[in-house]
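Structural description and commentary
Spelled out from the first residue to the last, the chains are:
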Amino acid sequence: MGAQLINGKDIAQSIRKELKEKVSQLEARGKKPGLAVVLVGDDPASAVYVRQKKRACKEIGIYSEEHHLPEDISQDELLTLVDRLNKDPNIHGILVQLPLPEGLDETEVIDAIDPRKDVDGFHPINVGRLHIGEKGFVPCTPAGIIELVRRLEVPISGKKVVVVGRSNIVGKPTAALFLRENATVTICHSRTKDVFEECRQADILVAAVGKPHMVKKEWVKPGAIVIDVGINRIDGRLVGDVDFDEVKEVAGAITPVPGGVGPMTIAMLMKATVAAVE
Ligand code: NAP
Ligand code: LUD
């Protein structure tokens, strides 16, 4: 393999270790960070992610509580819970796991979260802050991506970044963060004329589409940094949006799936929860 393997699992582990230190210092000053995770319905992937989040809290010393609600809960009941968590002094971070079951209004629920407790960075106040360069919560997956690229110790400034995907939780905030780092950023989506041509120009290529093995070796400029956000389940196995086996031969550095961006998402959530106390 030609590319450097970017080990998100190990990096996430070392971030969690640093956070554990920080949390014990906070505790010495009588402060314990608290995270409320709201899970509605029984989506199996969401259940896995929520379990990982709770486990990370426990490891670091963050108080966590899970609110597991049935999928037929009403919008009003969900909003009432968010309101209660907004007012709870032991809770510093609130996370409503997405997607919500059909019939519930995600936008209204996100808007109801106190922006000071919005550790996901999905509230319009925090989205706005990101775009105008003010301090605020940043979505965890994009924050994890930037952290991985920063640790490669190659300057981001002036680089050509291509992000494939424009969701509010990954594509758009990832583009905004790279722009803030002075990269030149292109966002591709389902109506982009020639995604392949765009990708071939990238010094840093981020794939966040949800299409298994979409990015092939011909799409990648030799030496480029390739960040694979995709999580696709095929016959019970996890694969990314990048054809790892062939792209690793041309890329300069590449994240695996699993063990790349996923664990960083959790680590960045923990970091945001600790920051919410401070
Ligand atoms: P999403 O909301 O479904 O968005 C997918 C994006 O891909 C959309 O913007 C869509 O374009 C675009 N797209 C679809 N087909 C395309 C094509 N052929 N060419 C170019 N663009 C195309 O997904 P998401 O929430 O951003 O997640 C993307 C992937 O990342 C999923 O596999 C998800 O499971 C994974 N994920 C991983 C993590 C992690 O921590 N590792 C976190 C979040 C998500 P339009 O906007 O035009 O429809
Ligand atoms: N909703 C997220 N929905 C889905 N992978 C995650 C995720 C860990 N409100 C809200 O946590 O930030 C969120 N906030 N998301 N996601 C996806 C998205 C949300 C995805 C993957 C992982 C969180 C993860 O740890 C492991 C890996 O890639 O190595 C594999 C885990 C496995 O399935 O075995």
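Here we summarise the structure given alongside this text. (Residues numbered from 1 in each chain as written. Chains lettered and ligands numbered in written order. Predicted model: local features only at pLDDT ≥ 70, side-chain atom pairs only at ≥ 80, totals over all residues. Heavy atoms only, no water.)

**Concerning the overall build of the protein chain**
Tallying secondary structure elements over the protein chain gives ten helices and eleven strands in all. For the protein chain, the C-alpha radius of gyration of 19 Å lies close to 19 Å, the compact-globule estimate for 278 residues. Viewed in the frame of its principal axes, the protein chain has a C-alpha envelope of about 50 × 45 × 40 Å. Residues classed as buried in the protein chain amount to 50% of the 278 residues present. For the protein chain, the accessible area works out to roughly 13,600 Å², and carbon and sulfur atoms hold 50% of it. Of the charged side chains in the protein chain, 37 are positive and 40 negative; the average position of the first set lies 5 Å away from that of the second. (Helix = DSSP H or I, 4+ residues; strand = E, 2+ residues; numbered from the N terminus. Rg over C-alpha atoms; globule rule 2.2 N^0.38 Å. Buried < 20%, exposed > 50% of the residue type's maximum accessible area, 1.4 Å probe, protein only. Areas by Shrake-Rupley, 256 points an atom, 1.4 Å probe, with all protein chains shown as cover. Lys, Arg positive; Asp, Glu negative; His and termini not counted. Charge placed at Lys NZ, Arg CZ, Asp CG, Glu CD.)

**With respect to the side chain of Asp243**
When you line up the elements, Asp243 lands in the loop between strand S10 (237–239) and helix H9 (244–247). Under the relative-accessibility criterion, Asp243 is labelled buried at 13%. With residues up to four places along the chain from it excluded, the contact list for Asp243 reads His213, Val215 and Lys216. (Contact = heavy atoms within 4.5 Å.)

**Considering the nonpolar core**
Core analysis: the largest hydrophobic core is formed by 52 residues, its most contacted members being Leu35, Ile62, Phe178, Val206, Ile227, Val229 and Met270. Take this core: its biggest share by element is nine residues, from helix H10 (residues 261–277). When sequence neighbours within four positions are dropped, the list of residues in contact with Val229 reads Thr141, Ile145, Val170, Val206, Ala207, Ala208 and Val261. Core analysis: the second largest hydrophobic core is formed by 20 residues, Val40, Leu69, Leu85 and Leu98 among them. (Core = buried A, V, L, I, M, F, W, Y, C linked by side-chain atoms within 4.5 Å.)

**Description of the site of ligand 2**
The full set close to ligand 2 counts 18 residues, and Lys53, Val96, Leu98, Asp120 and Gly259 are the nearest of them. With respect to ligand 2, the side chain of Gln52 contributes an N or O atom lying 3.4 Å from an oxygen atom. With respect to ligand 2, the side chain of Lys53 contributes an N or O atom lying 2.8 Å from an oxygen atom. Protein coverage of the free-state accessible area of ligand 2, which is 680 Å², stands at 84%. Of the residues assigned to the shell around ligand 2, the class counts are ten nonpolar, five polar and three charged. (Near = heavy atom within 4 Å. Polar contact = N/O pair within 3.5 Å; in protein donor to acceptor, adjacent residues only side chain to side chain. Nonpolar A, V, L, I, M, F, W, Y, C, P; charged D, E, K, R; others polar.)

**Observations concerning the pattern of salt bridges**
Per the stated rule, a full pass over the model turns up 15 salt bridges. A salt bridge links Glu59 to Arg16; the nearest nitrogen and oxygen atoms lie 2.9 Å apart. Residue Glu59 is located in helix H2 (residues 44–60), and its partner Arg16 is located in helix H1 (residues 8–28); the two are separated by 43 residues in the primary sequence. By relative accessible area, Glu59 is classed as partly exposed at 32%. Here Arg116 and Asp114 are joined by a salt bridge, their closest N and O atoms 2.8 Å apart. The exposed category is assigned to Arg116, whose relative accessible area is 65%. On the basis of relative accessibility, which here comes to 13%, the residue Asp114 falls in the buried class. (Salt bridge = Lys/Arg side-chain N within 4 Å of Asp/Glu carboxyl O.)

**So, the pairing of strand S2 (residues 34–40)**
Extensive coverage of S2 is indicated by the burial of seven of its seven residues. Residues Gly34, Ala36, Val38 and Val40 of S2 are buried on one face, and the alternating residues Leu35, Val37 and Leu39, pointing to the opposite face, are buried as well. Summarising the sheet, S2 and strand S3 (residues 63–69) pair through seven bridges and their orientation is parallel. When the bridges of S3 are listed, Val37 appears paired with Glu66. Note: S2 against strand S4 (residues 93–96), four bridges, orientation parallel. (Pairing = 2+ DSSP bridges.)

**Brief notes about the sheet that holds strand S1 (residues 4–5)**
Taken in spatial order, the six strands make up an open sheet running S1-S11-S8-S7-S5-S6, and their pairing is parallel. The sheet is open, and its two edges are formed by S1 and strand S6 (184–188), each paired on a single side. For strand S7 (residues 204–207) and strand S8 (residues 225–228), the ladder comprises four bridges, and the chain directions are parallel. Following the sheet pairing, Val206 is matched in S8 by Ile227.

**So, the site of ligand 1**
The immediate surroundings of ligand 1 are formed by 21 residues, with Arg166, Ser167, Ser190, Val229 and Thr265 found nearest. Between ligand 1 and Thr141 there is a distance of 3.4 Å, counted from an oxygen atom to a side-chain nitrogen or oxygen. One nitrogen or oxygen atom from the side chain of Ser190 is found 2.5 Å from an oxygen atom belonging to ligand 1. Calculation on ligand 1 without its partners gives an accessible area of 930 Å², and the protein chains cover 69% of this total. At three residues, the largest contribution of residues to the shell around ligand 1 is made by H10.

In short, geometric facts, not functional conclusions.
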